[in-house]
Amino acid sequence: MFKKVLTVLSLLVLVCALTACGSTSWGPVAGAAKKDAVSSNGGFMVQKGNYYYFINGATDSTVDNTFGTPVQGAICVADATDLSKEVKVVVPKAIAAGDKSAGIYVYEDWIYYATPNADKDKEGVIQSSYLDFCRTKIDGTKTETVLYTSVNNTAYRYGMAANGDVILAYHDSTANKIISYNFTTKAKTVLAEDIAACVFSKDLASGAAYYTKAVVLDEENDVLANYNKIYKVDYLTGTTTAVVSGEPTTLEQQGYTLGILEHRNDVLVFTCTTADTSLGFRGNYALKDADVVEDAKQNMADKAIKLSTDDKNFTSAIVISIGNTLGYVYADTTYGVMRQMVGGEKERICTATNATLVSVQKDVRDQKDYIYFTADNKFMRVAVDTDSENPAQVSDLRVLSENLYSPTWYQPEFSKDGKLMFFGDATDSRNYVRYISLEDEEMEPTFLGKYNAADQAAVDAEESN
C-alpha cells in the first residue's frame, strides 16, 4: 500500500495584519467537566456530559463579529437535564463558516470552531471573507486564534489523534493543498499538494479526506496520463493511500477520470468518465471501506460497485446500505421517494412526489436508518427499509416540523436522550434551533437557544399582547 508522510513544516505563531493571534477572556460559564464523555462531535450540536454545546441559530459572515457581540450564531451551552434553565453564550463569536458539514468540536476542555475574521485592514474594511480557526475553553474563559485562511468556505475538520493531540485539517483551495495543524506541537504539515479536488468524509470521526490528483508520466515535459486517482489522507496520522485508480487494465481500455461525490457511512461514492469524451459518462460507483485492498487498480476493477449510470436521478441521491447490499435513495417528482438497490428494481417507498431529500441518519434509539426529507413545507422521515409493496403514505407519516424546517443549514442532530434538533427557518425571520422529542409523538418543535436583543424584544412584545 502506497503511504507517505509529507515533510512537517515548522509553524511559528502567526502574526499578521488580519488576525490578532492572542487570547480573549469571557465567562466563566457553567457547563461540562473536562472528563465528561462527548457524543456527536462536529455539526451544529455536541453533547458533552449533561450539556448541549450548539450553534445558536444561523447568521452570515457579514455580521458584527467583534468578540463579545454575537448572540445569534454564537456557541451556547444548555443543561440537557433541564432545558427550562437559561441558555448561556459560551463562545461570543459568530459561527458562520461556509462549510456546513464541519461545525463545532469539543475535546477535553476546549471547543474548536471556525469563525469569520473581525479585524480591519488599513483602509478600515472588515476582512469577513477570511476565516479564523479558533478554540475556546468550555467555560469561555480563554479563546485562542491559531491561523486563518483567505476563503470563508474553506473545507475543514478537527479530530483527536491516538496520542491525544488535537488536529485541524483544511483544504487550501488557492494553493491546491491539504494542510494540518497540531495544537500541541504547533506544527503545520502539508498532507497533500497539487490536488485537483478535495472532499472531507461526512463521517466526522473518521479522520479522512479524499482527493483527486493527476498522474504525471513525464515530469520534465509535463506529460499527464489519460486517467487520475483518488487518494485518502488520514489527517490524524498523516498517512496517504491511493484508493482508486482510473488506470486502464488492458492495452485496449481507455483510462478513466474519477470524481469524488462523497464519503459517508464508510462508503466512498465517486463518478467515472471515460477519458475518450466521445464515450462519455460510465457511471456512479461506491466502494466500501471494508472492501478496499492495496491495489488501487483492483479496487476500480473488482471492488467498486456500479450504482447507477443515470446522472439525472443521482445528482441528489444518498447512498444507503441494507444488510450487505448497497443502493441509493432519491426523490422522483412523479413517483415519490425511491429506492434502488444494486441488482434490484427501482422501488417506491414513500408517495411524497415533491420531496427534497435532506439526509439519511440513524435514530439513536432503534439504530435504524431513516430518510429525512421535506415536502409541502413539512419536515418528515421514512425508514430506509420500508416495504415497497406497501409504500408509506405522506398522510400517515409523523410531521416533525411544519412551515419551519430549512435544509440550508447543518443537517439535523440527535442527542443521546432522543431529541432531534434542527434549524428552524421561521416565517418571522427568527432563525434559531428547534427540537422535538422522538418519544413524544405530540410534541411541537420547541425553541432552544438565546435570542439576540432585537428578537428578544419582539418576543416580549408578542407575549405582552
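Everything quoted here is computed from the prediction, not taken from an experiment.

Calculation rules
- Residues numbered from 1 in each chain as written.
- Predicted model: local features only at pLDDT ≥ 70, side-chain atom pairs only at ≥ 80, totals over all residues.
- Heavy atoms only, no water.
- Buried < 20%, exposed > 50% of the residue type's maximum accessible area, 1.4 Å probe, protein only.
- Helix = DSSP H or I, 4+ residues; strand = E, 2+ residues; numbered from the N terminus.
- Pairing = 2+ DSSP bridges.
- Axes fitted to C-alpha atoms, helices over the stretch in contact; angles between N-to-C directions.
- Core = buried A, V, L, I, M, F, W, Y, C linked by side-chain atoms within 4.5 Å.
- Contact = heavy atoms within 4.5 Å.
- pLDDT = per-residue confidence, 0-100.

## Focus: the pairing of strand β30 (residues 378-383)
Then comes step 1: When you tally the buried positions in β30, you get five out of six residues, the bulk of the element.
Then comes step 2: With six bridges joining them, strand β29 (residues 369-375) and β30 adopt antiparallel strand pairing. Bridge pairing in β30 places Thr374 opposite Phe379.
Then comes step 3: Joining the antiparallel neighbours β29 and β30 is a turn of two residues, in which Asp376 adopts a positive phi near 50 degrees.
Then comes step 4: By the bridge criterion, two bridges tie β30 to strand β31 (residues 401-402) in an arrangement that is antiparallel. Note on β31: the bridge partner recorded for Lys378 is Glu402.

## Observations regarding the sheet that holds strand β27 (residues 346-350)
Then comes step 1: An order of β24-β25-β26-β27 is seen for the four strands of this open sheet, with the pairing classed as antiparallel. Unpaired on one side and paired on the other, β24 (318-322) and β27 mark the two borders of the sheet. The mean angle between the axes of side-by-side strands here comes to 35 degrees, regardless of whether they run parallel or antiparallel.
Then comes step 2: The pairing of β24 with strand β25 (residues 325-332) spans five bridges and is classified as antiparallel. What sits directly across from Ile322, in β25, is Thr325.

## What about the nonpolar core?
Then comes step 1: In this structure, Phe54, Ile111 and Leu448 are the most contacted members of the largest nonpolar core, which totals 35 residues.
Then comes step 2: When contributions to this core are tallied by element, the ones reaching two or more residues are β4 (45-48), β5 (51-55), β6 (75-79), β7 (88-91), β9 (110-116), β33 (419-424) and β34 (432-437).
Then comes step 3: Other than its neighbours up to four places away in sequence, Phe54 contacts Phe44, Met45, Ala74, Ile75, Cys76, Val77, Ala78, Val87, Ile104, Val433, Leu448 and Gly449.
Then comes step 4: Ranked by size, the runner-up nonpolar core spans 20 residues in total, among them Tyr107, Val146, Leu168 and Leu204.

## Describing the confidence of the model for the protein chain
Then comes step 1: A residue-level look at the protein chain finds 92% of positions with pLDDT of 70 or above and a mean pLDDT of 88.
Then comes step 2: Taken together, the stretch residues 1-22 has pLDDT below 50 and engages in 53 contacts with residues farther than four places along the chain or on a different chain.

## Observations concerning unusual backbone geometry
Then comes step 1: Cis geometry marks the peptide bond from Gly27 to Pro28, where omega comes out at 10 degrees.
Then comes step 2: Mapping Pro28 onto the fold places it in the loop between β2 (23-24) and β3 (38-39).
Then comes step 3: One non-glycine residue with positive phi stands out, namely Asn176, at about 55 degrees.
Then comes step 4: Relative to the elements of secondary structure, Asn176 occurs in the loop between β13 (166-172) and β14 (177-182).
Then comes step 5: By relative accessible area, which is 34% here, Asn176 ends up partly exposed.
Then comes step 6: Of note, Asn377 is a non-glycine position whose phi angle comes to about 65 degrees, a positive value.
Then comes step 7: Structurally, Asn377 can be placed in the loop between β29 and β30.

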